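Architecture and fold: a report
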Amino acid sequence: MPESCCVYKCTNKRVPHGTLKFYAIPVVRNERFGSQEVEISQRRRDKWVANLRRTADDGSHSTSTWIPTKHHKVCSVHFIKGEPAKMYDVNNPDWAPTQKMGHDGAEVRGVDGTRYDRLQVRKRKIQVNEAASALLQMQRNPPPMPKPGIECQTDTTGIQLDELNAKYNSLLSENDELKRHIAQQDEELASLRLTEDSLKADEIKLTFFTGIHEWVSFAALLSLIRTQLPDTGHCKLNPFQQFLLCLMKLRLNLGNQDLAYRFNLSVSSVSRIFHRVLDVLFVSLSPLIHWPTRKALRESMPTAFRRFFYKCAIIIDCTEIFIEQPSDLLARAQTWSSYKHHNTVKFLLGITPSCKL
């Protein structure tokens, strides 16, 4: 049921996209808001009910027995400015509805909106004049300023000054000690980080983490693929870190969760970066894989092969490595090994007689 105005003879109702607004009859504030708010809210509610002059629903024609509920609304037509004033603005003519109240006289007597506006303008002018007078008074008689070189008397004694000075020196020494401790911690942290400088200065560390024995070779490989790796944007790691992550997984077989902790990434990001760098390495390094000709194979063939296997060109073998069970059903079926009874990845290796893989 749409809301309607409870003012006598007013037929306004709330309609979709309408311009009229409807306001509930004020309620009496609770005691927890303070006695002043309770008193003002009670007076305001009584004023609204008195201005509405509604009779009781029982047909007794008594205004004192009519009790408004939360469903009784008053539309904006019955206010001078179209809405009720704030609760504390008691002198505002819109503190209660006064316009077109439906009874004889149409409007509540003694209500004059223009008079209230003139009063507010007069108050603002008085406030502005008082502020301007205060500023002029300060300009004419500025407060006295302390003169330089004049000592002032305080309650601080010489003993207290010595104590403050000793405490100040203690804080300075403590600050220096903390700075030295922080510098030491930074050096230790830098030695643990896998940066370009740390790997370049320690080839043993470089070999352990990447399997590459010289920094020159590592730098040459990095320069070959650097332009094909993302340097900014959605990737948090620079090309050096991406290349290092891939080599560490290939060299040490570290888990994705381990690498995620080391490089401050999510597990999915580690997997995505590893496969991206692996694809780039395949495209960049596959042209370097060259199978020797039959003539070159015979020239480099060991003596034992020349005697018994002079026609041998390649020695092949197949091996299987255990992997985790794939979540994809097709990949799970393709990687299942009936021989190992496990999911494996299979490698077919070819070796020349001179042991070139």
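Relevant structure appears above.
Residues numbered from 1 in each chain as written. Predicted model: local features only at pLDDT ≥ 70, side-chain atom pairs only at ≥ 80, totals over all residues. Heavy atoms only, no water.

Let us now look at the sheet that holds strand β5 (residues 342-351). Here 3 strands make up an open sheet; going across it, the order is β3-β5-β4 and the pairing antiparallel. What marks the edges here is a single partner per strand, and that holds for β3 (315-322) and β4 (336-337). Looking at chain direction, β3 and β5 are connected through 8 bridges and run antiparallel. Across the sheet, residue aspartate 317 finds its bridge partner in β5, namely leucine 349. (Pairing = 2+ DSSP bridges. Helix = DSSP H or I, 4+ residues; strand = E, 2+ residues; numbered from the N terminus.)

With that out of the way, let us pick up a positive patch on the surface. Taken together, the side chains of Arg115, Arg118, Arg122 and Lys125 present a region of like positive charge at the surface. Relative to the elements of secondary structure, arginine 122 occurs in helix α2 (residues 113-140). (Patch = residues over 30% accessible without salt bridge, like charges linked within 9 Å, V, L, I, M, F, W, Y side chains within 5 Å. Areas by Shrake-Rupley, 256 points an atom, 1.4 Å probe, with all protein chains shown as cover. Salt bridge = Lys/Arg side-chain N within 4 Å of Asp/Glu carboxyl O. Lys, Arg positive; Asp, Glu negative; His and termini not counted. Charge placed at Lys NZ, Arg CZ, Asp CG, Glu CD.)

A complete count under the given rule lists 8 aromatic pairs for this structure. Relative to phenylalanine 240, the ring of phenylalanine 218 has its centre 5.9 Å away and its plane inclined at 75°; by these criteria the two rings are edge-to-face. With phenylalanine 218 in helix α6 (residues 215-225) and phenylalanine 240 in helix α7 (residues 239-252), the pair connects residues that are 22 residues apart, well separated along the chain. Here phenylalanine 218 falls in the buried class, since its relative accessible area comes to 0%. Ring centres of phenylalanine 218 and phenylalanine 243 lie 5.1 Å apart, and the angle between their planes is 35°; this geometry places the pair in the tilted category. You can see phenylalanine 218 sitting in helix α6 and its partner phenylalanine 243 sitting in helix α7, a full 25 residues away along the chain. For the pair formed by phenylalanine 218 and phenylalanine 243, the shared burial category is buried. Put simply, the rings of Trp215, Phe218, Phe240 and Phe243 pair up and form one aromatic cluster. Seen from the ring of phenylalanine 274, lysine 249 lies directly overhead, with NZ or CZ sitting 5.6 Å from the centre. (Phe/Tyr/Trp six-rings, centres within 6.5 Å; stacked < 30°, edge-to-face > 60°. Buried < 20%, exposed > 50% of the residue type's maximum accessible area, 1.4 Å probe, protein only. Lys NZ or Arg CZ within 6 Å of the ring centre and 35° of its normal.)

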